[in-house]
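The lines below spell out each chain.
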Amino acid sequence: MRLIIYTGKGGTGKTVNSCSTAIKLADLNNKTLIISSDPAHTLKDAFMTSVVGNKPVKVLDNLYALQIDPVLELAENYGSILSYVASIFSRRGLDETLSYEIAMLPGMTQLFSLLKIEEFIRHQDFDCIIMDMPASGEALRYLYFPKLAGNIGEKLSGFTGVFSGFVKMFQPFSSFAPIPTDVIQIEMNLLKRLELLSKTIIDPKITSLRLIINPDTFSIENAKRALMSANLYGINVDAVIINKIFPREVHNSYFTKWVEYQSTKIEEAKTSFYPLHIIEERFYEKELKGIEMLRENAEAIFNNEDPSRVFYSDKVFEFVKDGSILILKVKAPFTDKDNFDVNRYGDYLAIKILGATGYIVNVIPLPAATITMKLFEVKIHEGRIEVTFKE
Ligand SMILES: Nc1ncnc2c1ncn2[C@@H]1O[C@H](COP(=O)(O)OP(=O)(O)OP(=O)(O)O)[C@@H](O)[C@H]1O
Ligand SMILES: [Mg+2]
């Protein structure tokens, strides 16, 4: 089974490229499911059909679409836990509506969209699942939540035998509210599901995260952060799609400067995301939507390749922590010792590389762990730049 997740800044083309990928996979005879939890119901707009509902609905041969209702998922899977936690707060004198508001952890709705995927993984219903993530760097964070919650759950259940995870976290607030058995049941079940989801998401043979950018500074920066986080959490990023590239034909028009600007941004992206698989996608002459156009787009971006291929499966960044030392290893798009220069600016690292056309600067966001550290040493070793930070 393959799980392919598209993410990127708002409006970069996540939904349309998720749809194109899904269509091509289905055409290649994979039973495919495309999932979105976008409240704007964009799958419907992209496929230009009204079929997308709360259960997988057939769109084409081999292709099913599912529009998740996160609130419904949450109520079904988490309702009793939420009520219990809210009841603790309201017993302390908090207004009941407000209690629910506070008991609801941020990002919970996203988490329950992900849990829906777990069901399909468990039942092995599909060969390929494509997830169209809503726009925001935040949403990505909740992709990592299974790992976190899974770990907490394991630790807490080790301590207490029966109780674990979420509910236990809130127990200190209440010395007089015993945890109802159904809440414990639901919660244990939830942790088991999170664990499976987490294992699936960090398995590079199963899951690929793909970044969608446009040739502009904002979306590139957003994707760089996503790449760094994904590497930290062990999620494999295998490709970057640079979408909305103006064709050369617009030269000598209103868009002349845009074409030039975009080509510098494309170069920048290629350096920043080296050595990931880079796909370039042009800005079509009309809005990209409808099954036929999405299918043509899939042909253009994947050529004769199978979109379910793992395009890249090594780490772009690697962190080695050794006592008070943290070494950041970055794949370098060159091997020569003399033509690069590394500097730190706050929580960014700037790597200046002398290429054929002059200097290219690759700015890498640094992980929070380096905040209390100083840049100590820079080396190049086996095609990687090794930057050492010291406490
Ligand atoms: N290469 C392209 N050529 C023409 N139109 C495009 C192209 N890529 C995307 N579009 C159009 O841009 C708009 C935004 O695309 P899409 O909805 O896929 O972005 P998104 O990243 O999913 O947005 P959101 O962040 O809101 O979920 C749509 O109208 C889509 O048809
Ligand atoms: Mg979208």
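Below you will find a few notes about this structure. (Residues numbered from 1 in each chain as written. Chains lettered and ligands numbered in written order. Predicted model: local features only at pLDDT ≥ 70, side-chain atom pairs only at ≥ 80, totals over all residues. Heavy atoms only, no water.)

With that settled, the discussion passes to the nonpolar core. Counting 70 residues, the largest nonpolar core has Ile35 and Phe273 as the members making the most contacts within it. Per-element tally for this core: the top contributor is helix H3 (residues 70-91), with nine residues. Mapping this core onto the domain boundaries places at least three of its residues in each of domain 1 (2-69 + 107-302) and domain 2 (317-390). For Phe273, the contacting residues outside a window of four places in its chain are Leu211, Ile213, Ile220, Ala223, Lys224, Leu227, Val240 and Ile278. Membership of the second largest hydrophobic core comes to 30 residues, among which are Tyr6, Ile23, Leu25 and Cys128. (Core = buried A, V, L, I, M, F, W, Y, C linked by side-chain atoms within 4.5 Å. Buried < 20%, exposed > 50% of the residue type's maximum accessible area, 1.4 Å probe, protein only. Helix = DSSP H or I, 4+ residues; strand = E, 2+ residues; numbered from the N terminus. Domains from an automatic or database assignment. Contact = heavy atoms within 4.5 Å.)

Once that is clear, we can look at the site of ligand 1. Lys14, Thr15, Asn243, Glu287 and Leu288 are the nearest of the 18 residues found near ligand 1. Note that an oxygen atom of ligand 1 is positioned 3.2 Å from one of the backbone N or O atoms of Thr12. Expressed as a share of its isolated accessible area of 630 Å², the protein-covered part of ligand 1 is 82%. Only helix H1 (14-27), strand S7 (237-245) and strand S8 (277-282) provide two or more residues apiece to the shell around ligand 1. With three residues, H1 is the single largest residue contributor to the shell around ligand 1. The residue inventory of the shell around ligand 1, partitioned by class, reads five nonpolar, six polar and seven charged. (Near = heavy atom within 4 Å. Polar contact = N/O pair within 3.5 Å; in protein donor to acceptor, adjacent residues only side chain to side chain. Areas by Shrake-Rupley, 256 points an atom, 1.4 Å probe, with all protein chains shown as cover. Nonpolar A, V, L, I, M, F, W, Y, C, P; charged D, E, K, R; others polar.)

This part is about the pattern of salt bridges. Tallied over the full model, the rule gives 19 salt bridges. The structure contains a network of salt bridges with shared partners spanning Glu73, Lys116, Glu118, Glu119, Arg122 and Arg193. (Salt bridge = Lys/Arg side-chain N within 4 Å of Asp/Glu carboxyl O.)

Strands in a sheet are paired, the pairing made by backbone hydrogen bonds, and the direction either parallel or antiparallel. Here we have eight strands laid out as an open sheet, ordered S3-S4-S2-S5-S1-S6-S7-S8, and mixed in their pairing. Because the sheet does not close on itself, it has two edges, and the strands there are strand S3 (57-60) and S8. Within this sheet the neighbouring strands show an average axis-to-axis angle of 25 degrees, counted without direction. Where strand S1 (residues 2-8) and strand S6 (residues 207-213) come together, six bridges link them in parallel fashion. Directly across from Thr7, in S6, lies its bridge partner Leu211. Most of the contacts of helix H12 (residues 291-302) go to S8, to which it runs at about 135 degrees, and overall it touches S1, S3, S6, S7 and S8. (Pairing = 2+ DSSP bridges. Axes fitted to C-alpha atoms, helices over the stretch in contact; angles between N-to-C directions.)

What follows is about the pairing of strand S14 (residues 374-381). Pairing between S14 and strand S15 (residues 384-390): seven bridges, direction antiparallel. Each bridged residue has a counterpart across the sheet, and for Ile380 the counterpart in S15 is Ile385. Counting the residues between successive antiparallel strands, the hairpin from S14 to S15 contains two residues, one of them, Glu382, with a positive phi of roughly 50 degrees.

In space, the four strands of this open sheet follow the order S9-S10-S15-S14, with antiparallel pairing throughout. Whereas interior strands pair on both sides, the edge strands pair on one side only; in this sheet they are strand S9 (317-322) and S14. The average angle at which neighbouring strand axes cross in this sheet is 20 degrees, direction not considered.

Turning next to unusual backbone geometry. The step from Tyr274 to Pro275 runs through a cis peptide bond, and the omega angle for that step is 0 degrees. Residue position: Pro275 is located in the loop between helix H11 (256-272) and S8. Even without glycine at this site, Asn29 takes up a positive phi of about 75 degrees. As for its position among the elements, Asn29 is in the loop between H1 and strand S2 (32-36). Judged by its relative accessible area of 63%, Asn29 falls in the exposed class.

This paragraph deals with the pairing of S1. Burial analysis of S1 places seven of its seven residues in the buried class, the great majority of the element. Residue alternation in S1 divides its side chains into two sets, Arg2, Ile4, Tyr6 and Gly8 and Leu3, Ile5 and Thr7, and both sets are buried. Pairing between S1 and strand S5 (residues 128-132): five bridges, direction parallel. The partner of Arg2 across the bridge, within S5, is Cys128.

What follows is about a nonpolar patch on the surface. Taken together, the side chains of Tyr254, Phe255, Trp258 and Tyr261 define a hydrophobic patch exposed on the protein surface, amounting to about 470 Å² of accessible area. Mapped onto the fold, Tyr254 is located in the loop between S7 and H11. (Patch = residues over 30% accessible without salt bridge, like charges linked within 9 Å, V, L, I, M, F, W, Y side chains within 5 Å.)

Attention now moves to the packing of aromatic side chains. Applying the stated criterion across every chain, the model contains eight aromatic pairs. Consider the rings of Phe302 and Phe311, whose centres lie 6.4 Å apart with planes at 10 degrees: the pair is stacked. A relative accessible area of 9% means that Phe311 is categorised as buried. By the ring-pair criterion, three or more aromatic residues cluster together here, those being Phe246, Tyr254, Phe255, Trp258, Tyr261 and Phe283. Above the ring of Tyr348, the side-chain terminus of Arg225 is found at 5.0 Å from the ring centroid. Over the face of the ring belonging to Phe376 we find Lys390, whose NZ or CZ atom lies 4.2 Å from the ring centre. (Phe/Tyr/Trp six-rings, centres within 6.5 Å; stacked < 30°, edge-to-face > 60°. Lys NZ or Arg CZ within 6 Å of the ring centre and 35° of its normal.)

Geometry only, nothing functional implied.
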